[in-house]
Amino acid sequence: MSENRIAKIAVSAANYSLDKPYDYLIPDSLSGRVVPGMRVTVPFSRGNRRSEGIVLGLSDKSEYEKLKPIELCLDKEPMLTQAQLKLALWMHDRLFCTVYEAVRAILPAGCWFNAAGARRVNDKMCEMIELAVDANEAFALAQTKRRKAPMQASLLELLCSTGRVSAREAMHFTGASRQSLNALINAGLVTAEQEEVFRRPEIWTGKLKALPTLNREQETAYSGLKKLLDEPCPEAALLCGVTGSGKTSVYIRLIDDTIKSGKCAILLVPEIALTPQMIRTFSEYFGNDVAILHSSLGVGERYDEWKRIKNGSARLAIGTRSAVFAPFENLGLVIIDEEQEDSYKSESSPRYHARDIAKYRCAKTNSLLLLGSATPDIESRYAAETGKYKLFELHERYNAMQLPSVEIVDMKKELKAGNSGELSSRLRTELEDNLSRGEQSILFINRRGANKLICCGDCGYVYKCPNCSVSLTYHSANKRLMCHYCGYTRRVDSRCPDCGGMLTFIGAGTQLIEDELHELYPDTGILRMDTDTVRTAGSHDALLGKFKNEKIPIMVGTQMVTKGLNFENVTLIGVISADQSLYCGDYRSGERTFSLITQVIGRSGRGSKPGRAIIQTFTPQNELIRLAAAQDYDGFYKTELSLRRLQNTPPFADIIAITATGAVESAVIKCCADICTVLKASIGARDDVRILGPAPLPVVRVNNRYRYRVNICCNADKQLRELVSSVLIRCAGSGKYRGVSVFADNNPSD
């Protein structure tokens, strides 16, 4: 073979068991055009069906004599750099995914092609026109054309005063037709050319603010972080600050230093709801250097923002989890705000955590990774404690205001007193006080819908999803029952379908709380913020803007309202059901509950008025509830770390979860049992490894597929990853497990 006539290609049609670089011949017609990082179409498998592929490298030889040729180049230039290709290969080795699945995570949806072979999103082009002659000559010509061709004259006069302008705008402002414009172009008086324009979700047009002034604590943290930022080697730090301590101001100063040094920065936020606020805040300081990357954008907008980053037009990317792949070539800083949030973990392949991708990118680019939170992830805090990360702390609120005062209400006493509603008498009193003072309140309950379930008081019948092993949730807005896993819905019967008895509505969600508030305060404005009310693009921002600008007295919401929001007039927080996530069986349940309660309490008293919070619970003696009420993160950390040490869970060991799913439960259990047998035989005498399972997931059946899991508690080294990989390949290639899908995940969030 002549030099570089062989392309090493990762093929999209190859599943995990078949995933490897395949050799393809570069035909003469494509010689010199095929380069690493470019997508191509190739014939794959015995049927030679057309499949996309990504070129990983070029070679002058192959161990195979007869090679299939590449059919077509899909890109004019490489979509991935060498660094991004290496990242995709690293994800393949660490995350048990195919290389092409990693590539799909790295590139935006607008880059991909539909079934007909056309790109999902085309570049947006605009026709721009300008004078082809001297302005004085054009003005004189305009005067001579005034009587016979007034529209041509108007176009020439406009171009004399404005210079270059879009053809559409020129015709709009002058009233000229396309025919008049074409006449000028054909006469050689005006030139026209197509120019790409970017679809921008938000464009900053205001005046840039001066950098924020830091207080003593912030200045100390900033100075220490600035030293790490200037280091010629990769660094990692944890900024732990109480809610309202001004971590954002520190972020702004560090980003400014990064941009001034000629480098770029990425800021990750956990929720789309937080992005609009962050965009406004950071645009005030960095203008159109800011690019936005999150799933609520249109496909075209997201694609164009990605292109702005790639061509150097933007130097700060702000977005949710996938923004960690922003294609900066000169990265200097990655900030992960509210780094403890589960939303940074992907639940579909590739099952990456944004923090791990950020660590990899920072290590390869000698950048600073900064994790920020009021309630850091236990693993991150432990890493800071043991010296892997540098630790910086902010103990006081930026405006010197006290943290909110917190009161725990025992709901058992409320029931004994005859209050069967979801709002305690104490919370109602505080709400009424806020209404009388014109102050705002936020109520948090981590369940949408109206009622958790409906059951019969006579026979115990419960409405269950026919596709999933969960009860149906009642939604009062459309008076239907819904499964939050598969989307199945049905109407509610007037009587029990089994015995004809009376139906009882049990449990509460955001809709029920909203209805109860409307009954108590019929003339009061109330907003609800949950998945049901923020389905459309931009609805997060619209709801939060309405709450702030119209000073709506009460907002009810799920965990969307617990973090990152800053409303100066909010002085009361109500936690409706603090026990709700405590007993779900996951080793992280305590950490999640503490974080949610602490974060939502911190939304209160962020302005000049003191804040307060009411926590409603049936277990007021629970230590975790009391620590959250006291906002004592250090106390919680010590307690939780001791428990993790006893359980041998992260940070003291990794968990690699191998999950099997299938329509036949017995086949899924048999597959998991065989996986356990193979693992135990292969691991041998290693005393640092425990095999747990097989065990059903908390919701064992979803969409008529049963889910069982085998957990490996271990130090996840290369040997164990290779063992898990071989188990996945073995299961995929065995006829015994037909109909059963098996995948692996590092430290799953559920």
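Going by the structure above, here's the rest.
The text that follows walks through the structure, step by step, so that each part is easy to find. (Residues numbered from 1 in each chain as written. Predicted model: local features only at pLDDT ≥ 70, side-chain atom pairs only at ≥ 80, totals over all residues. Heavy atoms only, no water.)

### Some words on the overall build of the protein
Okay, so step 1: Secondary structure summary: the protein contains 21 helices and 30 strands in total.
Okay, so step 2: Here the protein has a C-alpha radius of gyration of 30 Å; the compact-globule value for 750 residues is 27 Å, and the two agree.
Okay, so step 3: Viewed in the frame of its principal axes, the protein has a C-alpha envelope of about 95 × 75 × 65 Å.
Okay, so step 4: Evaluated residue by residue, the protein yields a buried proportion of 53% over its 750 residues.
Okay, so step 5: Residue pairs in contact within the protein that sit at least 24 positions apart in sequence constitute 74% of those at least 6 positions apart.
Okay, so step 6: In the form shown here, the protein has an accessible surface area of approximately 33600 Å², with 49% of it arising from carbon and sulfur atoms.
Okay, so step 7: With 97 positive and 87 negative side-chain charges, the protein shows a spacing of 4 Å between the two charge centroids. (Helix = DSSP H or I, 4+ residues; strand = E, 2+ residues; numbered from the N terminus. Rg over C-alpha atoms; globule rule 2.2 N^0.38 Å. Buried < 20%, exposed > 50% of the residue type's maximum accessible area, 1.4 Å probe, protein only. Contact = heavy atoms within 4.5 Å. Areas by Shrake-Rupley, 256 points an atom, 1.4 Å probe, with all protein chains shown as cover. Lys, Arg positive; Asp, Glu negative; His and termini not counted. Charge placed at Lys NZ, Arg CZ, Asp CG, Glu CD.)

### As for the packing of aromatic side chains
Okay, so step 1: By the definition in use, this model includes 13 aromatic pairs.
Okay, so step 2: On the numbers, 6.2 Å between centres and 20 degrees between planes, the contact of Y633 with Y637 is stacked. With Y633 and Y637 both in helix α19 (residues 633–647) and four residues apart, this pair spans about one turn of that helix.
Okay, so step 3: The buried category is assigned to Y633, whose relative accessible area is 7%.
Okay, so step 4: The class for Y637 is buried, based on a relative accessible area of 3%.
Okay, so step 5: Grouping aromatic residues by their ring pairs yields a cluster made of F594, Y633, F636 and Y637.
Okay, so step 6: The positively charged end of R253 is found above the aromatic ring belonging to Y222, 4.8 Å away from the centroid.
Okay, so step 7: It is R381 that lies over the ring of Y637; its NZ or CZ is 5.4 Å from the centre. (Phe/Tyr/Trp six-rings, centres within 6.5 Å; stacked < 30°, edge-to-face > 60°. Lys NZ or Arg CZ within 6 Å of the ring centre and 35° of its normal.)

### With respect to the sheet that holds strand β11 (residues 290–293)
Okay, so step 1: Across the sheet, seven strands lie side by side as β11-β12-β10-β13-β14-β9-β15; this open sheet has parallel pairing. Each having just a single partner strand, β11 and β15 (390–394) make up the two edges of the open sheet. Between one strand axis and the next, the sheet turns through 20 degrees on average, direction left out of account.
Okay, so step 2: Across five bridges, the pairing between strand β13 (residues 331–337) and strand β14 (residues 368–373) is parallel. Note on β14: the bridge partner recorded for D337 is G372.
Okay, so step 3: Contacting β11 and β12 (316–319), helix α10 (residues 299–310) crosses the sheet at an angle of about 140 degrees to β11. (Pairing = 2+ DSSP bridges. Axes fitted to C-alpha atoms, helices over the stretch in contact; angles between N-to-C directions.)

### Description of the pattern of salt bridges
Okay, so step 1: Evaluated as defined, the whole model comprises 37 salt bridges.
Okay, so step 2: Across the pair K260 and D256 runs a salt bridge whose closest N-O atoms are separated by 3.0 Å. Taken together, the residues K260 and D256, both in helix α8 (residues 247–260) and four residues apart, mark about one turn of the helix.
Okay, so step 3: Among the ionic pairs, E439 bridges to R437, the shortest N-O distance being 3.4 Å.
Okay, so step 4: Take E439: its relative accessible area is 11%, and that puts it in the buried class.
Okay, so step 5: Where salt bridges share partners, they join E407, R426, E430 and R612 into one cluster. (Salt bridge = Lys/Arg side-chain N within 4 Å of Asp/Glu carboxyl O.)

### A short note on the environment of S180
Okay, so step 1: Take S180: it is sitting in helix α6 (residues 178–186).
Okay, so step 2: Along the sequence, S180 and E396 sit 216 residues apart, while their C-alpha atoms lie 67 Å from each other.
Okay, so step 3: Ignoring sequence-local partners within four residues, the contact set of S180 consists of M151, Q152 and L155.

### Here we look at the packing of helix α17 (residues 589–601) against α19
Okay, so step 1: Packing of α17 against α19 leaves a shortest axis separation of 11 Å and a crossing angle of 170 degrees. In terms of orientation, α17 and α19 fall into the roughly antiparallel class. Mapping the contact onto sequence places G590, E591 and F594 in α17 and Y633, F636, E640 and R644 in α19.
Okay, so step 2: Residue composition of the contact of α17 with α19, by class: three nonpolar, one polar and three charged. (Parallel < 35°, antiparallel > 145°, perpendicular 65-115°, else oblique. Nonpolar A, V, L, I, M, F, W, Y, C, P; charged D, E, K, R; others polar.)

### Things to note about helix α5 (residues 167–174)
Okay, so step 1: Among all positions of α5, only A167, A170, M171 and T174 are buried. Buried residues of α5, viewed axially, fall in a sector of 95 degrees; they line one side. With respect to the buried face of α5, the exposed residues turned more than 90 degrees away are R168, H172 and F173.
Okay, so step 2: In this fold, the buried residues of α5 make contact with β6 (125–131), α4 (150–162), β7 (165–166) and α6.
Okay, so step 3: Of the residues one or two after α5, G175 is the one with positive phi, at around 80 degrees. (Arc of directions from axis to C-beta.)

### Overview of the sheet that holds strand β24 (residues 554–557)
Okay, so step 1: Within the open sheet, the six strands sit side by side as β16-β26-β25-β17-β24-β23. Their pairing is parallel. This sheet does not close on itself; its edge strands, each paired only once, are β16 (405–410) and β23 (526–529). Taking each pair of neighbouring strands and ignoring which way they run, the sheet shows an average axis angle of 15 degrees.
Okay, so step 2: One ladder, built from four bridges, connects strand β17 (residues 440–444) with β24; its direction is parallel. Residue pairing in the sheet places S441 in a bridge with I554 of β24.
Okay, so step 3: The strands that helix α14 (residues 425–437) touches are β16, β17, β24, β25 (570–575) and β26 (612–617); relative to β26, the one it contacts most, it runs at about 155 degrees.
Okay, so step 4: Its contacts with the sheet put α17 on β16, β17, β25 and β26, and the angle it makes with β25 is roughly 155 degrees.

### Considering empty space enclosed by the protein
Okay, so step 1: If you walk through the whole model with that rule in mind, you get one cavity of 30 Å³ or more.
Okay, so step 2: Here the largest cavity is characterised by a volume of approximately 90 Å³.
Okay, so step 3: Together, F444, I445, N446, V575, I576, S577, A578, Q580, S581, T593, L596 and I597 line the largest cavity.
Okay, so step 4: A total of three residues in the lining of the largest cavity trace back to one element, the largest contributor, which is α17. (1 Å grid on protein atoms, 1.4 Å probe; cavity = no way out; pocket = protein on both sides within 12 Å on 5 of 7 lines; lining within 4 Å. Points joined across faces, edges and corners; volume = space filled by probe spheres on them.)

### Points about unusual backbone geometry
Okay, so step 1: Looking along the chain, the bond that leaves S349 and enters P350 is cis, with omega of 0 degrees.
Okay, so step 2: By secondary structure assignment, the location of P350 is in the loop between β13 and α11 (354–365).
Okay, so step 3: Its identity is not glycine, yet F96 carries a phi of approximately 55 degrees, on the positive side.
Okay, so step 4: Secondary-structure assignment places F96 in the loop between α1 (82–95) and α2 (99–106).

### Some details on the environment of R46
Okay, so step 1: Mapped onto the fold, R46 is located in the loop between β3 (39–44) and β4 (49–59).
Okay, so step 2: With a relative accessible area of 87%, R46 lands in the exposed category.

### Thoughts on the layout of surface pockets
Okay, so step 1: A volume near 1200 Å³ is recorded for the second largest pocket.
Okay, so step 2: Lining the second largest pocket are 40 residues, with T248, Q277, T281, N566 and R606 sitting closest to its centre.
Okay, so step 3: Breaking the lining of the second largest pocket down by element, the ones donating at least two residues are α8, α9 (275–286) and α16 (539–549).
Okay, so step 4: Residue contributions to the lining of the second largest pocket peak at six residues, all from α9.

### A short note on the pairing of β23
Okay, so step 1: The two faces of β23 match: I526 and R528 on one face and L527 and M529 on the other face are all buried.
Okay, so step 2: Relative to β24, β23 runs parallel, the two sharing four bridges. Opposite I526, over in β24, you have I554 as the bridge partner.

### A short note on the environment of V556
Okay, so step 1: When you line up the elements, V556 lands in strand β24.
Okay, so step 2: A relative accessible area of 0% places V556 in the buried class.
Okay, so step 3: Once the C-alpha coordinates of V556 and G574 are considered, the two residues, 18 residues apart in sequence, prove to be 9.2 Å apart.
Okay, so step 4: Ignoring anything within four residues of it in the chain, the contact list for V556 reads L443, T510, I513, L517, I526, L527, R528 and M529.

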